[in-house]
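Below, each chain spelled out in residue letters.
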Amino acid sequence: MSESAEMLERLPAAYRSQVEEVLISRERIAEKLDELAGAIDRDYAGEELLLVGVLKGAIFVVADLHRRLGVPSSVDFMAVSSYGSATTSSGVVRILKDLDAEIEDRHVLVVEDIVDSGLTLDYLLKNLRSRRPASVEVLSLLTKPSRREVDLPIRYVGFEVPDVFVVGYGLDFAEHYRGLSDIVTLKPEAYGG
Ligand code: IMP
């Protein structure tokens, strides 16, 4: 069996036929998170960190990063919805769930699954900065630089991906595929097209 066939074989049977390609394997994700956690531990040595996961896409990134960190860290979540079509963002953002904790004078690391146009994150960063934290930085597992509409300082980036729609490892299409361990692309028929 070829390597790519083996990768497909590991996916749950119910979803396998809809997947076109495994773009980033679970092993590469794990290695990258080891690397990023190491960098964060060095950068925040002697500090305490608040990880702010952006629901729902960042659930696995937050969990897998949190348990790798050596610096003391806690976790909070925000949920935002952007008004747009199924696969693009409009930049108009609504907070569906705010943080439980105050962030004034705290070191905040926003944890994202993917930064696409950047409009959602741009809104979120402005909102968080207005609460006067000691610092705000961003970690995003994925970035699509070719789609960026606003310039954003993303301190920790996992992988750059081309302008393709990806799912898995937290990323969904219509609430499906989040639970896949790998990041994959879908066949056109999976979108109902
Ligand atoms: P942005 O505001 O355009 O940067 O969009 C950010 C949000 O759009 C992400 O947090 C995802 O929820 C969603 N998104 C953007 N690209 C993808 C993708 O390729 N797959 C799944 N969701 C995506």
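The structure contained in this document is the topic of the report that follows. Keep in mind the model is a prediction, meaning the values are calculated, not measured.

1. What about the pattern of salt bridges?
- Taken as a whole and assessed by the stated rule, the structure comprises 18 salt bridges.
- The partner of Arg-16 in a salt bridge is Glu-9, with the nearest N and O atoms 3.9 Å apart.
- Using a relative accessible area of 27% as the deciding quantity, one classes Arg-16 as partly exposed.
- A salt bridge links Arg-26 to Asp-182, with the shortest nitrogen-to-oxygen separation between them at 2.8 Å. Of this pair, Arg-26 sits in helix H3 (residues 26-43) while Asp-182 sits in the loop between strand S8 (166-167) and strand S9 (183-186), and the two are 156 residues apart along the sequence.

2. Quick word on the site of the ligand
- Taken together, 16 residues lie near the ligand, and Ser-117, Gly-118, Thr-120, Lys-144 and Val-166 sit nearest.
- One of the backbone nitrogen or oxygen atoms of Leu-119 is found 3.5 Å away from an oxygen atom of the ligand.
- When the free accessible area of the ligand is taken as 490 Å², the share hidden by the protein chains comes to 85%.
- Mapped onto the shell around the ligand, the elements with two or more residues apiece are strand S5 (107-115) and helix H5 (119-129).

Rules behind the numbers
- Residues numbered from 1 in each chain as written.
- Predicted model: local features only at pLDDT ≥ 70, side-chain atom pairs only at ≥ 80, totals over all residues.
- Heavy atoms only, no water.
- Salt bridge = Lys/Arg side-chain N within 4 Å of Asp/Glu carboxyl O.
- Buried < 20%, exposed > 50% of the residue type's maximum accessible area, 1.4 Å probe, protein only.
- Helix = DSSP H or I, 4+ residues; strand = E, 2+ residues; numbered from the N terminus.
- Near = heavy atom within 4 Å.
- Polar contact = N/O pair within 3.5 Å; in protein donor to acceptor, adjacent residues only side chain to side chain.
- Areas by Shrake-Rupley, 256 points an atom, 1.4 Å probe, with all protein chains shown as cover.

Any functional reading would require information that these geometric values do not contain.
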